[in-house]
Amino acid sequence: MAHFVKVLNGKVIQGIVAEPEFFETFVDSSPGEWIQTSYNTYGGQHRNGGTPLRKNYAGIGYSYDRTKDAFIPPKPYPSWVLNEETCLWNAPVPYPSDEKDYDWNEETLSWVNLEQ
């Protein structure tokens, strides 16, 4: 089985799991284009050492960049910057490297320890 998403105006609006041969006979007259995505692809890497497909597994609300042939998740915060290599969003401040849990605070542009 393979994963496919429907893209309309650069946005993922629907997803299905189907055999690739299904699309040879599949008739869908609604606007948009079906594009294959890989459940095992994240940040341009294949989790099982295979060939990555379109940088990231696509979900509803993701963008599709035809030039990069990549799915890009929604931008989580206005201050975050797109990593052109992974097509993932990075905070302007690196996530702390200790073992604690943090959440991003957009107002202070910093990571806040959740254990406080």
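Nothing here was measured: the structure is a model prediction, and the numbers come from that model. (Residues numbered from 1 in each chain as written. Predicted model: local features only at pLDDT ≥ 70, side-chain atom pairs only at ≥ 80, totals over all residues. Heavy atoms only, no water.)

### As for unusual backbone geometry
Stated precisely, the cut-off is as follows: Each helix corresponds to a stretch of at least 4 residues labelled H or I by DSSP, and each strand to a stretch of at least 2 residues labelled E; elements are numbered beginning at the N terminus.
Of note in this structure, Arg54 is not a glycine but carries a positive phi near 60 degrees. Summarising the element assignment, Arg54 is placed in the loop between strand E5 (45-46) and strand E6 (63-65). One non-glycine residue, Cys87, lies in the positive phi region at around 60 degrees. Take Cys87: it is sitting in the loop between strand E8 (81-83) and strand E9 (88-90).

### Some details on the environment of Glu106
The criterion, for reference: For every residue, the accessible area (1.4 Å probe, protein chains only) is compared with the maximum for its type, and the residue is labelled buried under 20%, exposed over 50%, or partly exposed between those bounds. Two residues qualify as a contact provided that any one of their heavy atoms is within 4.5 Å of a heavy atom in the partner residue.
By secondary structure assignment, the location of Glu106 is in the loop between strand E10 (102-105) and strand E11 (110-113). Classification of Glu106 as partly exposed rests on a relative accessible area of 25%. Along the backbone, Glu106 and Tyr77 are 29 residues apart, and their C-alpha atoms lie at a distance of 6.8 Å. The residues touching Glu106, leaving out its near neighbours within four places in the chain, are Tyr77, Pro78, Ser79 and Trp80.

### Let's talk about the nonpolar core
Basically, it comes down to this: We define a nonpolar core as any set of buried Ala, Val, Leu, Ile, Met, Phe, Trp, Tyr and Cys residues linked to one another through side-chain atoms lying within 4.5 Å.
Residues Val5, Val7, Val12, Ile35, Ala58, Tyr64 and Phe71 constitute the largest nonpolar core, which totals seven residues. Listed in part, the five residues of the second largest apolar core include Trp80, Ala91, Tyr102 and Trp104.

### Focus on the pairing of E10
Looking down a regular strand, the side chains alternate between one sheet face and the other. In plain terms, the rule: Paired strands are those between which DSSP finds at least two bridges.
The alternating pattern of E10 places Tyr102 and Trp104 on a buried face, while none of Asp103 and Asn105, on the opposite face, is buried. Two strands pair when backbone bridges link them, and E10 and E11 are joined in this way by four bridges, in the antiparallel orientation. Residue Tyr102 lies in a different strand from E11, and its bridge partner there is Asn113. Counting the residues between successive antiparallel strands, the hairpin from E10 to E11 contains four residues, one of them, Leu109, with a positive phi of roughly 50 degrees.

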